[in-house]
2 protein chains.
Amino acid sequence: MSNQTPRRTDPANDLLRATTRLNRWASRHASFDLPVAQARLLSLIDDLGPTRISTLAEADHSSQPTITAGVQRLEAQGWAGREPDPTDARATLVSLTKEGRIALAAARKARAAVLAPVIDALDAGERARLDEAITVFEEVLDRASLAVPNLQAQHRKEA
Amino acid sequence: MSNQTPRRTDPANDLLRATTRLNRWASRHASFDLPVAQARLLSLIDDLGPTRISTLAEADHSSQPTITAGVQRLEAQGWAGREPDPTDARATLVSLTKEGRIALAAARKARAAVLAPVIDALDAGERARLDEAITVFEEVLDRASLAVPNLQAQHRKEA
DNA sequence: CAATATTACATAGAGAGGCTATGCAAAGCA
DNA sequence: TGCTTTGCATAGCCTCTCTATGTAATATTG
């Protein structure tokens, strides 16, 4: 059958495997199919307010060109706008438009809707454990962000 | 600087946000940079043994052409091979080569290595909560897989 | 058994999403 | 002033994913 009960290896692996598969599943089944990266970026801009490209790149752990391209896609949809940074003529400040906030809300609703039936089916104890799990994850994430300030190690594997 | 302590919305959203960011972070910082999708596919083939393309697609919740392309990439690296299915001349059975298993092990090790320092820094209580969290996630995943109506188990024909 | 339908996979085409390398203009600094 | 750094855009190159469609083998049915 499918991929139930994968074998345990070690916590790091298990964690990443679980998150990868959950992500994959959610993005595959979301009804309002806003690409994951765009949802992430919308959410980030929403959180951070008018923000520079480079700040977004850092917060997203991605490269500056990736964010530039992402913002261009958001702009093309009318979801984001940019103003010059009054304090630095090189920089621009990206922020959400009203439509962008609407789209973000819709995407959140849709993604939640995919998972909602599953979550609703959990009993109270499981619900509590899930909340706990999310909290732990966020802690791990925060520490991870802090723990790896400038790890750019990059060996290209020979093809 | 970064994006600590994002606001809570609802469990489904929080869950997906946490998993998305964790994934992103891990893939960004993994030293042995096997693309996520290839790692997923290697792992899947390893789990399922000699497997048809269509079975892999179903297990991965992705389309058949996606798997076809993925397997081709794995083959090009010498990580997977294919044999004709003796019971059906249309089908092929994909399996890992020895090099494929080695690559999978390396990728797992590398991904675990990125997270390991963070996990090691957790105290015993947090570790326990994390293990719990992973378990809950896997349960959610299993239920999610089952809850999706349109991806039914395929007929497994007997010899 | 021949005609038709279904299944398994490949290919084509398109677009998102990611990277590095590089160019350019503004800002910072010597 | 002139050199360096910074902020962003562009270019070029992959991977990953989809839908649509083609082809060959298998299954079904009249």
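Residues numbered from 1 in each chain as written. Chains lettered and ligands numbered in written order. Predicted model: local features only at pLDDT ≥ 70, side-chain atom pairs only at ≥ 80, totals over all residues. Heavy atoms only, no water.

- Under an unreviewed UniProt entry, chain A has the name MarR family transcriptional regulator and belongs to Knoellia koreensis.

## Topic: the overall build of chain A
Turning to step 1, where the next piece is worked out: When helices and strands are tallied, chain A shows six helices and three strands.
Turning to step 2, where the next piece is worked out: Put simply, chain A runs from its N terminus to its C terminus through helices and strands in the order α-α-β-α-α-β-β-α-α.
Turning to step 3, where the next piece is worked out: Pairs at least 24 apart in sequence give 47% of the contacts found in chain A among residues at least 6 apart.
Turning to step 4, where the next piece is worked out: Roughly 8,100 Å² of accessible area belongs to chain A as shown, and the carbon and sulfur atoms make up 54% of that amount. (Helix = DSSP H or I, 4+ residues; strand = E, 2+ residues; numbered from the N terminus. Contact = heavy atoms within 4.5 Å. Areas by Shrake-Rupley, 256 points an atom, 1.4 Å probe, with all protein chains shown as cover.)

## A look at the protein's contact with DNA strand C
Turning to step 1, where the next piece is worked out: By nearness alone, 26 residues border DNA strand C, and Pro35 and Thr66 of chain A together with Arg28, Arg82 and Arg90 of chain B come closest of all.
Turning to step 2, where the next piece is worked out: By atom count, sugar and phosphate contribute 71% of the portion of DNA strand C lying within 4 Å of the protein.
Turning to step 3, where the next piece is worked out: Note that a phosphate oxygen of DNA strand C is positioned 3.0 Å from one of the backbone N or O atoms of Ala89 of chain A.
Turning to step 4, where the next piece is worked out: Broken down by secondary-structure element, the contributors of at least two residues to the surface near DNA strand C are α2 (36-48), α4 (64-76) and β3 (88-96) of chain A together with α1 (11-29), α3 (53-60), α4 (64-76) and β3 (88-96) of chain B.
Turning to step 5, where the next piece is worked out: Among the residues making up the surface near DNA strand C, the classes are represented as eight nonpolar, nine polar and nine charged. (Near = heavy atom within 4 Å. Polar contact = N/O pair within 3.5 Å; in protein donor to acceptor, adjacent residues only side chain to side chain. Nonpolar A, V, L, I, M, F, W, Y, C, P; charged D, E, K, R; others polar.)

## What about α3 of chain B?
Turning to step 1, where the next piece is worked out: The buried count for α3 of chain B comes to seven of eight residues, which makes it a mostly enclosed element.
Turning to step 2, where the next piece is worked out: On its buried face, α3 of chain B sits against α1 (11-29) of chain A together with α2 (36-48), β1 (51-52), α4, β2 (80-85) and β3 of chain B. (Buried < 20%, exposed > 50% of the residue type's maximum accessible area, 1.4 Å probe, protein only.)

## Examining the packing of α2 of chain A against α4 of chain A
Angle between the axes and distance between the axes: these two values describe a pair of packed helices.
Residues and elements named next belong to chain A.
Turning to step 1, where the next piece is worked out: Running from N to C, α2 and α4 cross one another at 90°; their axes reach a closest spacing of 10 Å. Considering the angle they form, α2 stands roughly perpendicular to α4. In contact with Gln38, Leu41, Leu42 and Ile45 of α2, α4 contributes Ile67, Gly70, Val71, Arg73 and Leu74.
Turning to step 2, where the next piece is worked out: Looking at the contact of α2 with α4 residue by residue, the classes come out as six nonpolar, two polar and one charged. (Axes fitted to C-alpha atoms, helices over the stretch in contact; angles between N-to-C directions. Parallel < 35°, antiparallel > 145°, perpendicular 65-115°, else oblique.)

## Structural notes on the protein's contact with DNA strand D
Turning to step 1, where the next piece is worked out: The full set close to DNA strand D counts 26 residues, and Arg28, Gln64 and Arg82 of chain A together with Pro35 and Thr66 of chain B are the nearest of them.
Turning to step 2, where the next piece is worked out: The contact atoms of DNA strand D, taken as those within 4 Å of the protein, divide so that sugar and phosphate hold 70%.
Turning to step 3, where the next piece is worked out: The separation between a base oxygen of DNA strand D and a polar side-chain atom of Arg90 of chain A is 2.6 Å.
Turning to step 4, where the next piece is worked out: Gln38 of chain B has a polar side-chain atom sitting 3.2 Å from a phosphate oxygen of DNA strand D.
Turning to step 5, where the next piece is worked out: In terms of residues, the surface near DNA strand D owes the most to one element, α4 of chain A, which gives four residues.
Turning to step 6, where the next piece is worked out: Class assignment for the residues of the surface near DNA strand D results in seven nonpolar, nine polar and 10 charged.

## Comments concerning the side chain of Asp60 of chain A
Turning to step 1, where the next piece is worked out: Mapping Asp60 of chain A onto the fold places it in helix α3 (residues 53-60).
Turning to step 2, where the next piece is worked out: For Asp60 of chain A, a relative accessible area of 8% translates into the label buried.
Turning to step 3, where the next piece is worked out: Look past the residues within four positions of Asp60 of chain A in its chain and what remains in contact with it is Arg40, Leu44 and Ile67 of chain A together with Arg24 of chain B.

## Section: unusual backbone geometry
Turning to step 1, where the next piece is worked out: Phi at His61 of chain A takes a positive value of approximately 55°, unusual for a residue other than glycine.
Turning to step 2, where the next piece is worked out: By the secondary structure assignment, His61 of chain A is in the loop between α3 and α4.

## Some words on the sheet that holds β3 of chain A
Residue and element names in this part refer to chain A.
Turning to step 1, where the next piece is worked out: Across the sheet, three strands lie side by side as β1-β3-β2; this open sheet has antiparallel pairing. Both outer strands of the open sheet, β1 (51-52) and β2 (80-85), are each paired with one neighbouring strand and no more.
Turning to step 2, where the next piece is worked out: Where β1 and β3 come together, two bridges link them in antiparallel fashion. Across the sheet, residue Thr51 finds its bridge partner in β3, namely Val94. (Pairing = 2+ DSSP bridges.)

## Some points on the nonpolar core
Turning to step 1, where the next piece is worked out: With 42 residues, the main nonpolar core has Leu115 and Leu130 of chain A together with Leu115 and Leu130 of chain B as its most contacted residues.
Turning to step 2, where the next piece is worked out: Secondary-structure elements contributing two or more residues to this core are α1, α5 (98-120) and α6 (124-147) of chain A together with α1, α5 (98-120) and α6 (124-147) of chain B.
Turning to step 3, where the next piece is worked out: Setting aside its immediate chain neighbours within four residues, Leu115 of chain B contacts Ala12, Leu15, Leu16 and Val140 of chain A together with Trp25 of chain B. (Core = buried A, V, L, I, M, F, W, Y, C linked by side-chain atoms within 4.5 Å.)

## Comments concerning the pattern of salt bridges
Turning to step 1, where the next piece is worked out: Per the counting criterion, the structure on display carries 18 salt bridges over all chains.
Turning to step 2, where the next piece is worked out: Of the charged contacts, one joins Asp14 of chain A and Arg17 of chain A as a salt bridge, the two residues approaching to 3.6 Å between their closest N and O atoms. Taken together, the positions of Asp14 of chain A and Arg17 of chain A, both in helix α1 and three residues apart, correspond to about one turn of that helix. In this pair, the class of Asp14 of chain A matches that of Arg17 of chain A, namely buried.
Turning to step 3, where the next piece is worked out: Arg40 of chain B is the partner of Asp60 of chain B in a salt bridge, and the nearest nitrogen-oxygen pair spans 2.8 Å. Of this pair, Asp60 of chain B sits in helix α3 while Arg40 of chain B is found in helix α2, placing the two residues 20 residues apart along the sequence. Both residues of the pair, Asp60 of chain B and Arg40 of chain B, belong to the buried class.
Turning to step 4, where the next piece is worked out: Through salt bridges that share partners, Arg52, Asp85, Asp88 and Arg90 of chain A make up one connected network. (Salt bridge = Lys/Arg side-chain N within 4 Å of Asp/Glu carboxyl O.)

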